[in-house]
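Residue-level structural notes
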Amino acid sequence: MHAELNDLTNNAARYRNGKRYLWLIAFVTAFLPIASMLVYVETGFLAALCFPVFYFFVGMPLLDMLFGEDPYNPSDDVMSRLEQDPYFRVLLFCIIPIYYLTFFAAVWVVGTYSPPLWAVLVFAVGVGTFHANSLTVGHELGHKTNKVDQWGAKISNALVGYGHFCIEHNRGHHVQVATPEDAASSRFGESIYRFALREIPGGFVRGWHHEAERLKRKGHSVWSWRNDILQGYAITLAIAAGLVVWFGPGVLPFIIVHHVVGWYGLTQANYVEHYGLKRKKMENGRYEPCQPRHSWNTNHIYSNLATFHLQRHSDHHSNPLRPYQVLRNFPDLPRLPSGYPGCFVLAAIPPLWFRIMNPKVMAWANNDPSLINKG
């Protein structure tokens, strides 16, 4: 993979033709829960249901170490062609049904084969972690302005019951990012668990507030069918109700844990993306414009391909409408020590996370306390 990427930088056309199929790694990853289900169904081997957790938190960090980083950017002429190429948008719409297929298949396995509760919960954690990537797809589509992409985002987010995400993210997080006012920007010395207790309810409250304001301006009730958040929740509830009617209430623990873990997957991403970073406050009381240096970046290629370049987060916050396939790397960016899966493991052990990341934050801020987000 390294040799291919090096060749791509020397030839614009080859860059375009070579990397375009590497994005299919996201589809390989999306299908992996199906493999674990097949092994369990065919053999009764319960440990197979633990594979999604193992793959995400052990396998992907190891693959990131094996394949290393991809620091290269397409040239300007290639970048223009990539932006216009519909192939990359099609990939996003094609992977949404796969996420739903794996979710329905997982509920079918739980409802039909009745594995013990411990296996159901571990399996729900694994599949929910994988399906947090449905929010990555919803995030990408949700930044677009056309109705088709916005509905694609709504359907993708509904898989884990996070119908307020795009509204909160676009109108809240992107405005207040890397400031103490942002519920989705983690603070220096704040553990991921304390952050989750602040970010998950904070995101809902902020999203609901912005949607209520939008509807009020248009003269509609917040409880109107026009409420984008309620539309997303309606999809989630309809699917859950249908599955419970079909398979019985025994599948509810799986569905609930699956959804909550999907929320936590987003929380993990938000936690590592802006940890401790703060935009400078200007004399007029406003914060400086968001720059690439206000987001932690990582170029680890395997997890970046699996998450549609979510981890090139620095360029995304500077250019929110830029599609994932052309997000760029910059020199001198604050850099994470691993791809997101590896960083999630570090964050789960707060003393280890602080030991590695706190010196990075201090170095980024040149030991200036005013540039560190301490809340």
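These lines cover the structure that appears in this document, whether it is placed above or below. Residue indices begin from 1 for each chain and proceed along its sequence in written order. Selection of residues for local features in this predicted model requires a pLDDT of at least 70, selection of side-chain atom pairs for listing and counting requires 80 or more, and totals for whole chains, interfaces and linings are taken over all residues. To get the side-chain values, take all heavy atoms of the structure and skip hydrogens and water.

Looking now at the nonpolar core. Counting residues in hydrophobic clusters, the biggest one holds 87 residues, and the most contacted among them are Phe-254, Tyr-271, Phe-308 and Trp-353. For this core, the leading source of residues is helix H6 (residues 87-113), giving 15 residues. The residues contacting Phe-308, other than those within four sequence positions of it, are Trp-23, Ala-26, Leu-91, Leu-92, Ile-95, Val-137 and Tyr-324. The term nonpolar core refers to a set of buried residues drawn from Ala, Val, Leu, Ile, Met, Phe, Trp, Tyr and Cys, joined through side-chain atoms within 4.5 Å. Note on exposure labels: buried denotes an accessible area under 20% of the residue type's maximum, exposed denotes more than 50%, and partly exposed covers the range between, all computed with a 1.4 Å probe on protein chains only. Strands here mean DSSP runs of E at least two residues long; helices mean DSSP runs of H or I at least four residues long; both are numbered from the N terminus. By the convention used here, residues are in contact when the closest approach between their heavy atoms is within 4.5 Å.

Before going further, it helps to examine the packing of helix H3 (residues 25-43) against H6. Axis separation between H3 and H6 bottoms out at 10 Å; the angle between their running directions is 15°. Put simply, H3 runs roughly parallel to H6. Along this stretch, H3 crosses H6, giving a crossing that reads as left-handed. Two secondary-structure elements touch here, H3 through Ala-26, Phe-27, Ala-30, Phe-31, Ile-34, Met-37, Tyr-40 and Val-41 and H6 through Leu-91, Cys-94, Ile-95, Ile-98, Tyr-99, Leu-101, Thr-102, Ala-105, Ala-106, Trp-108, Val-109 and Tyr-113. Basically, the charged four are Asp, Glu, Lys and Arg, the nonpolar ten are Ala, Val, Leu, Ile, Met, Phe, Trp, Tyr, Cys and Pro, and anything else, Gly included, counts as polar. Of the residues in the contact of H3 with H6, the class split is 19 nonpolar, one polar and no charged. For helices, the fitted axis covers only the stretch in contact; all axes are lines through C-alpha atoms, and the angles between them, taken along N-to-C directions, range from 0 to 180 degrees. Any angle that is under 35 degrees is reported as roughly parallel, and any over 145 degrees as roughly antiparallel; angles of 65 to 115 degrees are reported as roughly perpendicular and all others as oblique. Should the near helix be turned counterclockwise from the far one by less than a right angle, the crossing is left-handed, whereas a clockwise turn marks it as right-handed.

The salt bridge definition used is simple: a Lys or Arg side-chain nitrogen within 4 Å of an Asp or Glu carboxyl oxygen. Within this structure, the stated rule accounts for 14 salt bridges. In this structure, Arg-198 and Glu-190 form a salt bridge, with 2.9 Å as the shortest nitrogen-oxygen distance. Here Asp-228 and Arg-214 are joined by a salt bridge, their closest N and O atoms 3.8 Å apart. Remark: Arg-214 occurs in helix H11 (residues 192-217) and Asp-228 occurs in helix H12 (residues 228-247); sequence separation between them is 14 residues. A relative accessible area of 24% means that Asp-228 is categorised as partly exposed. The network of salt bridges with shared partners includes Lys-154, Arg-171, Glu-211, Arg-214 and Asp-228.

As a further point, take helix H8 (residues 133-142). With 10 of its 10 residues buried, H8 lies for the most part within the structure. All buried positions along H8 are accounted for by Asn-133, Ser-134, Leu-135, Thr-136, Val-137, Gly-138, His-139, Glu-140, Leu-141 and Gly-142.

On to a nonpolar patch on the surface, then. The residues that make up patches have over 30% relative accessible area and no salt bridge, and they are joined within 9 Å when like-charged or within 5 Å when they are Val, Leu, Ile, Met, Phe, Trp or Tyr. The method behind every accessible area is Shrake-Rupley, applied with a 1.4 Å probe, and residues are considered shielded solely by the protein chains displayed. Taken together, the side chains of Phe-51, Phe-54, Val-58, Leu-62 and Met-65 present a nonpolar region at the surface, about 500 Å² in accessible area. Within the secondary structure, Leu-62 is located in helix H4 (residues 51-67).

Think of it this way: a Phe, Tyr or Trp ring, Trp meaning its six-membered ring, pairs with another when their centres are within 6.5 Å, and the plane angle makes it stacked under 30 degrees, edge-to-face over 60, tilted otherwise. Scanning the entire structure with this criterion turns up 29 aromatic pairs. Consider the ring centre and the ring normal. A charge sits over the ring if Lys NZ or Arg CZ is within 6 Å of that centre and within 35 degrees of that normal. Cation over ring: Arg-20 sits above Tyr-87, and NZ or CZ is 4.1 Å from the ring centre. A cation sits over an aromatic face here: Lys-154 above Trp-151, 4.1 Å from the ring centre.

Turning next to the side chain of His-313. Of note, His-313 is situated in helix H15 (residues 313-318). We call two N or O atoms a polar contact when they sit within 3.5 Å, provided that within protein one can donate a hydrogen and the other can accept it, with sequence-adjacent residues counted only if both atoms are side-chain atoms. A distance of 3.4 Å separates a polar atom in the side chain of His-313 from the backbone oxygen of Leu-310. Excluding residues that lie within four positions of it along the chain, His-313 makes contacts with Glu-273, His-274, Ser-295, Trp-296, Asn-297 and Tyr-340.

With that settled, the discussion passes to unusual backbone geometry. Backbone geometry places Asn-366, a non-glycine residue, at a positive phi of 50°. Within the element layout of this structure, Asn-366 appears in the segment after helix H17 (350-364). Located in the positive-phi region is Asn-367, a residue other than glycine, with phi close to 60°. Its location among the elements puts Asn-367 in the segment after H17. With relative accessibility at 55%, the residue Asn-367 sits in the exposed group.

What follows concerns the environment of Phe-93. As for its position among the elements, Phe-93 is in helix H6. Put simply, Phe-93 and Asn-284 are 191 residues apart on the chain and 43 Å apart in space, counted from C-alpha to C-alpha. Phe-93 has contacts with Leu-141, Val-148, Asp-149 and Gly-152, leaving out every residue within four places of it along the chain.

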